[in-house]
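One letter stands for each residue in the lines below.
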Amino acid sequence: MTPTDQRIDIRDWSLLSVLSVLWGGSFFFNGVVLRELPPLTVVLLRVALAALILLPVLWAYRIGLPRGFSGWKPFFAIALLNNVLPFSLIVTGQTYVSSGLASILNATTPLFTVLVMAAAGDEKLRTRRVAGVVIGLIGVAILHGRHLGFSSGQGFGILLCLAGAFSYGLSALYARRKLSDSPPLATATFQMMASSLMMAVIAGVVERPWQLPMPGVMTWLALLGLASLSTALAYIVFFQILRRSGSTNVMLVTLLIPVTAILLGYLFLGETMNLAEITGALVIGSALLVIDGRVFGFIRGVVSIPKASR
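Calculation notes
- Residues numbered from 1 in each chain as written.
- Predicted model: local features only at pLDDT ≥ 70, side-chain atom pairs only at ≥ 80, totals over all residues.
- Heavy atoms only, no water.
- Helix = DSSP H or I, 4+ residues; strand = E, 2+ residues; numbered from the N terminus.
- Contact = heavy atoms within 4.5 Å.
- Areas by Shrake-Rupley, 256 points an atom, 1.4 Å probe, with all protein chains shown as cover.
- Expected span 1.5 Å × (residues − 1).
- Bend = angle between axes of the 7 residues up to and from the residue.
- Core = buried A, V, L, I, M, F, W, Y, C linked by side-chain atoms within 4.5 Å.
- Buried < 20%, exposed > 50% of the residue type's maximum accessible area, 1.4 Å probe, protein only.
- Phe/Tyr/Trp six-rings, centres within 6.5 Å; stacked < 30°, edge-to-face > 60°.
- Polar contact = N/O pair within 3.5 Å; in protein donor to acceptor, adjacent residues only side chain to side chain.
- Patch = residues over 30% accessible without salt bridge, like charges linked within 9 Å, V, L, I, M, F, W, Y side chains within 5 Å.
- Salt bridge = Lys/Arg side-chain N within 4 Å of Asp/Glu carboxyl O.
- Axes fitted to C-alpha atoms, helices over the stretch in contact; angles between N-to-C directions.
- Parallel < 35°, antiparallel > 145°, perpendicular 65-115°, else oblique.
- Left-handed = near helix turned anticlockwise from the far one by under 90°.

What follows concerns the overall build of the protein chain. Scanning the protein chain from terminus to terminus reveals 13 helices and zero strands. Sequence-ordered secondary structure for the protein chain, helices as α and strands as β, is α-α-α-α-α-α-α-α-α-α-α-α-α. Pairs at least 24 residues apart make up 91% of the contacts formed inside the protein chain by residues separated by at least 6 positions. Of the roughly 14,600 Å² of accessible surface on the protein chain, 70% is carried by carbon and sulfur atoms.

Right, let's get into helix α3 (residues 68–93). For α3, which comprises 26 residues, the first-to-last C-alpha distance of 36 Å matches the rise-based estimate of 38 Å (1.5 Å per residue) to within 8%. Considering bend angle alone, the principal kink of α3 is centred on L80 and spans about 40°.

If you look at the biggest cluster of nonpolar residues, it comprises 79 residues, and the most contacted ones within it are L19, W23, Y235, F238 and L255. For this core, the leading source of residues is helix α9 (residues 217–245), giving twelve residues.

Of note, D12 is situated in helix α1 (residues 10–33). What D12 contacts, discounting residues up to four positions off in sequence, is I241, R244 and S245.

This paragraph deals with unusual backbone geometry. Look at R62: it is not a glycine, yet its phi comes out positive at around 55°. With respect to the element layout, R62 can be found in the loop between α2 (39–60) and α3. A positive phi angle, close to 45°, is found at R208, a residue other than glycine. Following the sequence through the fold, R208 ends up in the loop between α8 (184–206) and α9.

Take α9 next. Along its 29 residues, α9 runs 39 Å from first to last C-alpha, staying within 8% of the 42 Å computed at 1.5 Å per residue. Where α9 bends most, at A234, the angle is about 40°.

Counted under the stated rule, the structure contains twelve aromatic pairs. Consider the rings of F87 and Y235, whose centres lie 6.3 Å apart with planes at 50°: the pair is tilted. Residue F87 is located in helix α3, and its partner Y235 is located in helix α9; the two are separated by 148 residues in the primary sequence. Across this residue pair, the class does not change: F87 and Y235 are buried. An angle of 75° between the planes, with centres 5.6 Å apart, marks the rings of Y235 and F238 as edge-to-face. You can see Y235 and its partner F238 sitting in helix α9, three residues apart, about one turn around the helix. Each member of the pair, Y235 as well as F238, carries the same accessibility label: buried. One aromatic cluster in this structure is built from W23, F87, Y235, F238 and F239.

The subject of this paragraph is the environment of I202. Take I202: it is sitting in helix α8. Note: C-alpha distance between I202 and T41 (161 residues apart in sequence) is 9.0 Å. Other than its neighbours up to four places away in sequence, I202 contacts L40 and V84.

For the rest of this paragraph, the subject is the side chain of S195. If you trace the backbone, S195 turns up in helix α8. For S195, a relative accessible area of 0% gives the class buried. Separated by 2.9 Å, the side chains of S195 and N83 make a polar contact. With residues up to four places along the chain from it excluded, the contact list for S195 reads V47, A79, N83 and V84.

A cluster of nonpolar side chains, namely V201, I202, V205 and V206, defines an oily patch on the protein surface of about 360 Å² accessible area. When you line up the elements, V205 lands in helix α8.

Interhelical geometry of helix α5 (residues 109–119) versus helix α7 (residues 154–178) gives an angle of 45° and a closest axis separation of 8 Å. Considering the angle they form, α5 stands oblique to α7. In this structure, the crossing between α5 and α7 has a hand that is right-handed. Note on element contacts: α7 touches α5 through L162, A165, F166, Y168, G169, L170, A172, L173 and R176, opposite T109, F112, T113, V116 and M117.

So this is what it looks like as structure tokens:
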């Protein structure tokens, strides 16, 4: 199916909601594992465990591996832009800023994606989309306003997180151009395999993980959740939405992540919701309606009815 980057149907809105839960958990899991492991080692274990989880599924569906350099080249490229760079930048940024602030900075991804697509000539810079993303960012800021966690050295952490969000925008462009015909399961698996190889080299040179003390049980459980839910399963869902609704639309998930995190806390952890959080969620909801655009078509249709009846 050729993505149009215009509107999203009910199925893909549902998938976006699922993806926001899966990726929202990554900030929590990162916060746990960073207590015992350095950032690049965390990324290495995340992608390597995800690859090990996905490989048996790939075999069960009888999907073969890419052949030769030309076959693997696009998967190494998407692995660099969609895993190695953003994962490393954001998880390192989380050593300087709070998880709440990191999730806000991650929510700039749709804005970067819109700008990248426009600069590359793949999509017109529509006023409606830019306005919707900006409204969404305002909603995220309202939502997390009291959880920003400003501290010393945060400027560097903010730059790292923003660079990670920009890398996601580049990856959306590349995936649209080079991987639109690849099955989601295959793309996710090959991407993780390529990421594992690159991160093994990077983490091995910088952090030498084999010399680190063995982490505790809670860290391993968080790593398993990070790899299986927030990575392996999440990227299958991600590439499914990408094929159906397009690169800009799939990145809207980063606006939903803070909302789902608060809702999950309210429903399952007994956390309270204040007026700022409710207001922020409503602003984000209105932003998504603006980006989707169908509400304007409905309003125009309603307004034109009296004229047509005259």
